[in-house]
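The residues making up each chain are set out below.
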Amino acid sequence: QVQLVESGGGLVQPGGSLRLSCAASGTIFVIDDMAWYRQAPGKQRELVAAITSQSTTNYVNSVKGRFTISRDNAKKTVYLQMNDLKPEDTAVYYCNTRGLLLSLANFDSWGQGTQVTVSS
């Protein structure tokens, strides 16, 4: 009932930048929290950044000052601007959104993931 389509991943050199996008579609009434997670090989999935419906943001310490999360409510899209990328940022990045469907049921949906590789 909710589809998330991610884009923007790729290969970048250390110090470079990427911008991830995640567009939601489906029978959505309202989107509350939107977030980006990542999972590196052999590691658990971790929360990278989150943004509430009021645009309050939260970041994992390792990306503070380098990553910026934002959202466009009209487009039902969340973004992650990633600057000064480091090899340890290499991971599959997943979008997550929560909210209400038109039926007023809650939803908690995940994107398919997009690979970010930081390497020289």
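Look a little higher up for the structure.
1. Some thoughts on the pattern of salt bridges
- Considering all chains together, one arrives at five salt bridges under this definition.
- Notably, a salt bridge pairs Arg38 with Glu46, separated by 2.7 Å at the nearest N-O pair.
- For Glu46, a relative accessible area of 30% gives the class partly exposed.
- The salt bridge partner of Asp89 is Arg38, with a shortest N-O separation of 3.0 Å. Here the residue Asp89 occupies a position in the loop between β8 (77-82) and β9 (91-101), and Arg38 occupies one in strand β4 (residues 28-39), the gap between them amounting to 51 residues. Accessibility assignment for this pair places Asp89 and Arg38 in one class, buried.

2. Remarks on the environment of Leu80
- Relative to the assigned elements, Leu80 resides in strand β8.
- The exposure class assigned to Leu80 is buried, which follows from its relative accessible area of 0%.
- For the pair Leu80 and Leu47, spaced 33 residues apart in the sequence, the C-alpha separation amounts to 12 Å.
- Here Leu80 is in contact with Leu18, Arg19, Leu20, Trp36, Val48, Ala49, Phe67, Thr68, Ile69 and Tyr93, once residues within four sequence places are set aside.

3. Comments concerning the side chain of Glu6
- Here Glu6 shows up in strand β1 (residues 2-7).
- At 2.7 Å, the side chain of Glu6 and the backbone nitrogen of Cys95 are in polar contact.
- Polar contacts involving the side chain of Glu6 include one to the main-chain amide nitrogen of Thr114, which spans 3.2 Å.

What counts as what
- Within each chain, residues carry numbers counting from 1 in the order of the written sequence.
- Thresholds applied to this predicted model are a pLDDT of at least 70 for local features of residues and 80 or more for the giving and counting of side-chain atom pairs; totals over whole chains, interfaces and linings are not thresholded and use all residues.
- Here the side-chain values reflect all heavy atoms present in the structure, with hydrogen atoms and water set aside.
- What counts as a salt bridge is simple: a side-chain nitrogen of Lys or Arg found within 4 Å of a carboxyl oxygen of Asp or Glu.
- Exposure classes here rest on a 1.4 Å probe applied to the protein chains alone. A residue is buried below 20% of its type maximum, exposed above 50%, and partly exposed in between.
- Helix and strand definitions follow DSSP, with helices as H or I runs of at least four residues and strands as E runs of at least two, each counted in order from the N terminus.
- We call two residues contacting when some pair of their heavy atoms lies within 4.5 Å.
- Any pair of nitrogen or oxygen atoms within 3.5 Å is treated as a polar contact; in protein, a donor-acceptor pairing is required on top of that, and neighbouring residues in sequence qualify only through side-chain atoms on both sides.

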